[in-house]
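Working through the structure, step by step
Below, each chain spelled out in residue letters.
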Amino acid sequence: MIALDAGHDEVEGVVAMFTAMRTAGELSRETSHAAAVQGDALHLPFADATFDRVICSEVLEHIPDDLGAMRELTRVLRPAAPWR
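Residues numbered from 1 in each chain as written. Predicted model: local features only at pLDDT ≥ 70, side-chain atom pairs only at ≥ 80, totals over all residues. Heavy atoms only, no water.

Turning to the overall build of the protein chain, a few remarks are in order. From N to C terminus, the protein chain includes two helices and two strands. What you see in the protein chain, going N to C, is helices and strands ordered as β-α-β-α. If one aligns the C-alpha atoms of the protein chain with their principal axes, the spans along those axes are about 40 × 35 × 20 Å. Counting over 84 residues, the protein chain shows a buried share of 20%. Across the protein chain, the fraction of contacts at a sequence separation of at least 24, relative to all contacts at a separation of at least 6, is 67%. Of the roughly 6,500 Å² that the protein chain leaves accessible, carbon and sulfur atoms contribute 58%. Positive and negative side-chain charges of the protein chain, numbering 7 and 14 respectively, have mean locations separated by a distance of 14 Å. (Helix = DSSP H or I, 4+ residues; strand = E, 2+ residues; numbered from the N terminus. Buried < 20%, exposed > 50% of the residue type's maximum accessible area, 1.4 Å probe, protein only. Contact = heavy atoms within 4.5 Å. Areas by Shrake-Rupley, 256 points an atom, 1.4 Å probe, with all protein chains shown as cover. Lys, Arg positive; Asp, Glu negative; His and termini not counted. Charge placed at Lys NZ, Arg CZ, Asp CG, Glu CD.)

The next thing to look at is the packing of aromatic side chains. Given two aromatic rings, one states the distance between the centres and the angle between the planes to describe the pair. According to the stated counting rule, one finds one aromatic pair in the structure shown. Judged by centre distance (5.0 Å) and plane angle (85 degrees), the rings of F46 and F51 are edge-to-face. Note on F51: relative accessible area 18%, which makes it buried. (Phe/Tyr/Trp six-rings, centres within 6.5 Å; stacked < 30°, edge-to-face > 60°.)

Here the focus is the pattern of salt bridges. Side chains carrying opposite charge are able to pair once their charged atoms draw close together. Applying the stated criterion across every chain, the model contains three salt bridges. As a salt-bridge pair, D52 and R78 come within 2.7 Å of each other at their nearest N and O atoms. Separated by 26 residues along the polypeptide, D52 in the loop between β2 (35-38) and α2 (66-76) and R78 in the segment after α2 bring together distant segments of the chain. When salt bridges with common partners are traced through the structure, they connect D48, E72 and R75 into a single cluster. (Salt bridge = Lys/Arg side-chain N within 4 Å of Asp/Glu carboxyl O.)

Attention now moves to the layout of surface pockets. Taken as a whole, the largest pocket encloses approximately 1,100 Å³ of empty space. Contributions of two or more residues to the lining of the largest pocket are made by β1 (2-5), α1 (8-23) and α2. By residue class, the composition of the lining of the largest pocket is 23 nonpolar, five polar and seven charged. (1 Å grid on protein atoms, 1.4 Å probe; cavity = no way out; pocket = protein on both sides within 12 Å on 5 of 7 lines; lining within 4 Å. Points joined across faces, edges and corners; volume = space filled by probe spheres on them. Nonpolar A, V, L, I, M, F, W, Y, C, P; charged D, E, K, R; others polar.)

Spelled out as structure tokens, the structure:
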């Protein structure tokens, strides 16, 4: 799990929260590698097809180029597996 925010203070807050959750044993095995990075939603610092899923909540209304942000979110998603 990776959290991304444009603000340095917000990223530090998320890192502190993840640390507290690890200490309390509240992160599952799948999320034990949780991290937070500072970045721009219009130029995500990740390679194409990096993630299986992306959750973008309470974000797009704060970005003037919301279509550009959605293009970036799509770019970093892995292509969906074909339905069987």
